[in-house]
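# Analysis of the macromolecular model
These are the residues of each chain, in order.
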Amino acid sequence: MKIAIINGPNLNMLGKREKDHYGGFSLGELENYLKKEAPSDSLLFFQSNHEGQIVEFIHNLENEKVDAIIVNAGAYTHTSIALRDAFLSVKIPFVEVHISNVYAREDFRKLSYLSDIAAGVIAGLGKTGYKLAIEYFRETL
Ligand code: DQA
């Protein structure tokens, strides 16, 4: 299976930012962990702090023949109609992942522009959430 794993703004700062919410692992460590957990899948990693770059990356995923997407859109989850529309413009199933439990934090983090069009949502399970999303696609696609 070919799976795109998209991390949005500030997730390049993992390991340095708000460790009580996001743990001590870096983005590189997260990606290595997933490569180890899914050696037989082709994982396409992408991180950007720019909304338009993420939109364009999503548009291109049909050409890339990607089977599934795992996305942690960071703060864009709570603000971006453009990202929602990008997901609606491609016919690729996606799972929304959050490292922290967004439901146990500020109220504004409870709103997601992606959840109702996602196959599912995983929040609060740290890097394990990404692995579980891969397992979900493995079992269902
Ligand atoms: C996050 C939660 C978001 O509210 C926040 O803006 C992030 C990370 C998470 O992984 O828990 O940047 O998506």
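Residues numbered from 1 in each chain as written. Predicted model: local features only at pLDDT ≥ 70, side-chain atom pairs only at ≥ 80, totals over all residues. Heavy atoms only, no water.

### Quick look at the pattern of salt bridges
One pass over the full model with this rule turns up seven salt bridges. The shortest N-O distance in the salt bridge between Lys2 and Glu64 comes to 3.2 Å. Remark: Glu64 occurs in the loop between α3 (51-59) and β3 (68-72) and Lys2 occurs in strand β1 (residues 2-7); sequence separation between them is 62 residues. According to the relative accessible area criterion, Lys2 is partly exposed, its value standing at 22%. For Arg84, the salt bridge goes to Asp116, with nearest N and O atoms at 2.8 Å. Of this pair, Arg84 sits in helix α4 (residues 81-89) while Asp116 sits in the loop between β4 (94-98) and β5 (120-123); the two residues are 32 residues apart in sequence, bridging distant segments of the chain. Salt bridges linked by common partners bring Arg105, Glu106 and Arg109 together as one network. (Salt bridge = Lys/Arg side-chain N within 4 Å of Asp/Glu carboxyl O. Helix = DSSP H or I, 4+ residues; strand = E, 2+ residues; numbered from the N terminus. Buried < 20%, exposed > 50% of the residue type's maximum accessible area, 1.4 Å probe, protein only.)

### Describing the layout of surface pockets
Roughly 160 Å³ of internal volume is contained in the largest pocket. Lining the largest pocket are 15 residues, with Arg17, Tyr22, Gly74, Ala75 and Arg109 positioned closest to its centre. (1 Å grid on protein atoms, 1.4 Å probe; cavity = no way out; pocket = protein on both sides within 12 Å on 5 of 7 lines; lining within 4 Å. Points joined across faces, edges and corners; volume = space filled by probe spheres on them.)

### Considering the confidence of the model for the chain
Confidence along the chain averages 98 in pLDDT terms, with 100% of residues attaining 70 or more. Taking the mean pLDDT of every element in the chain, the minimum, 95, falls on helix α1 (residues 19-22) and the maximum, 99, on β4. (pLDDT = per-residue confidence, 0-100.)

### Here's the deal with the side chain of Asn7
By the element assignment, Asn7 lies in strand β1. We classify Asn7 as buried; its relative accessible area is 1%. In contact with Asn7, not counting residues within four places along its chain, are Leu27, Leu30, Phe46, Gln47, Ser48, Asn72 and Tyr130. (Contact = heavy atoms within 4.5 Å.)

### Quick look at the sheet that holds β1
Here five strands make up an open sheet; going across it, the order is β2-β1-β3-β4-β5 and the pairing parallel. At either margin of the open sheet sits one strand with a lone partner, and together these are β2 (42-47) and β5. The mean inter-strand angle of the sheet, taken between neighbouring strand axes irrespective of direction, is 20°. Packed on one face of the sheet, helix α2 (residues 27-37) meets β1 and β2 and runs near 165° to β2. (Pairing = 2+ DSSP bridges. Axes fitted to C-alpha atoms, helices over the stretch in contact; angles between N-to-C directions.)

### Considering the site of the ligand
Inspection of the region around the ligand gives Arg17, Tyr22, Asn72, Gly74, Ala75, His78, His98, Ile99, Ser100, Val102 and Arg109 as its neighbouring residues. Arg17 has a polar side-chain atom sitting 3.2 Å from an oxygen atom of the ligand. Backbone polar atom of Ala75 to an oxygen atom of the ligand: 3.2 Å apart, as the coordinates give it. Out of a free accessible area of 330 Å², the ligand has 98% covered by protein chains. For the shell around the ligand, the class distribution of residues is four nonpolar, five polar and two charged. (Near = heavy atom within 4 Å. Polar contact = N/O pair within 3.5 Å; in protein donor to acceptor, adjacent residues only side chain to side chain. Areas by Shrake-Rupley, 256 points an atom, 1.4 Å probe, with all protein chains shown as cover. Nonpolar A, V, L, I, M, F, W, Y, C, P; charged D, E, K, R; others polar.)

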